[in-house]
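# Notes for the structure review
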Amino acid sequence: MDAKHPSLRDALPRLGIWILHLPAAPHPLLLRRDRPFDPTAPVADVPDVARYVAAARRSLKGPLALEIDGPGDALASPETVLRALSILREHHPDVVTGLVVDGPLMGEYVEELDAFGLAYLVLRRDAATESTARRLIDGAHYRGERLDRDAAARMMLEEGPRAIHLARRHDIPVAVRTTLLPAVNRGEIGQIAEEVREAGAERMDVVAHHPVPGAPLSHPGAPTPHEMEDARETIQTVFAAGTVHHGGSTLDWLSPQRMQKVDLDQLDALDVLRTLPNPHEDPAPAPLLPPRKAQVIAVATM
């Protein structure tokens, strides 16, 4: 490995899990006003996914999870995502796989996801009311059609809980990821938590909004640490009040405190072929066993 890139093996915390985030979904579903879709954003194709996973498995010590996240919706890019899941299922069945989705396409692909061994699903859910959804959503590309803002907002609200139900029916655990935008959806965090908990989500995580310059919703700014902590406490209270314990779930194992993000730059610096055995070299001979030493044992009899 390049001397500028220290070994990855020493970076994993005790009992940690490596998480490999790959942007392998090139097509959008919901069009966001807080983070407009960028068609020029780098995207990993199927060979890239296979290469990164192979490099991680060869260079990292410990369990590995792969999460396909962005830049579009994972299920809006089935030709890439389903093929990647199929290859991983065949060649790396020990890798834990997850997808980040908006929800409306779950009904079309849930059986394939189950067959390819998807370990968990992350559902993006940032609104509980249609008025807030309209502020966040600018439209959608759905089944070859362009939906306007009103139709896209209604679809997001209706299809999110249904996606959770479908995943749970196929024993795929669901975590919900909510982006906190001050002055936009802060007052709906509790309502979102109640809705997704009742639908069957096992966990709800809140992440901070990072304003994109020039985006229609760049003005709310990033939430303060106090606002983030208040949102987490609200979610914790809601889930503690009515959550059925999912002991032994994949999401219990994949707790945020245990996750260690894989550095893609370090994987890019790794020549995977050099980590594989050379088929043209004879294997090293096994060490010979030392000669056994005979022992004479005298037994006295009467």
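Residues numbered from 1 in each chain as written. Predicted model: local features only at pLDDT ≥ 70, side-chain atom pairs only at ≥ 80, totals over all residues. Heavy atoms only, no water.

This part is about the pattern of salt bridges. Counted according to the given criterion, the structure contains 20 salt bridges. Connected through shared salt-bridge partners, Glu-67, Asp-69, Asp-102, Arg-124 and Arg-177 make up one network. (Salt bridge = Lys/Arg side-chain N within 4 Å of Asp/Glu carboxyl O.)

Turning to the packing of aromatic side chains, a few remarks are in order. Two aromatic rings are characterised by how far apart their centres lie and by the angle between their planes. According to the stated counting rule, one finds 0 aromatic pairs in the structure shown. Against the face of Tyr-52 rests Arg-51, its NZ or CZ located 4.5 Å from the ring centre. (Phe/Tyr/Trp six-rings, centres within 6.5 Å; stacked < 30°, edge-to-face > 60°. Lys NZ or Arg CZ within 6 Å of the ring centre and 35° of its normal.)

What follows is about the pairing of strand β5 (residues 120-124). The buried count for β5 comes to 5 of 5 residues, which makes it a mostly enclosed element. The alternating pattern of β5 places Tyr-120, Val-122 and Arg-124 on one face and Leu-121 and Leu-123 on the opposite face, and all of these are buried. Relative to β5, strand β4 (residues 96-101) runs parallel, the two sharing 4 bridges. Residue pairing for β5: Val-101 is matched across the bridge by Leu-123. Since β4 and β5 lie parallel, the crossover through helix α3 (residues 106-115) that links them has a hand, and here it is right-handed. The sheet contact formed by β5 and strand β8 (residues 174-180) spans 4 bridges and is parallel. The residue of β8 that forms the bridge with Arg-124 is Arg-177. (Buried < 20%, exposed > 50% of the residue type's maximum accessible area, 1.4 Å probe, protein only. Helix = DSSP H or I, 4+ residues; strand = E, 2+ residues; numbered from the N terminus. Pairing = 2+ DSSP bridges. Right-handed = clockwise from strand over helix to strand, strands pointing away.)

Where burial is concerned, most of strand β1 (residues 17-22) is hidden: 5 out of the 6 residues are buried. The pairing of β1 with strand β10 (residues 259-261) spans 3 bridges and is parallel. Note on β10: the bridge partner recorded for Ile-17 is Met-259.

For α3, the set of buried residues is Met-106, Tyr-109, Val-110 and Leu-113. An end-on view of α3 places all buried positions within 140° of arc, on one side of the element. Across from the buried face of α3, at angles greater than 90 degrees, the exposed residues are Glu-111 and Ala-115. Looking one or two places after α3, you find Gly-117, whose phi comes out positive at around 75°. (Arc of directions from axis to C-beta.)

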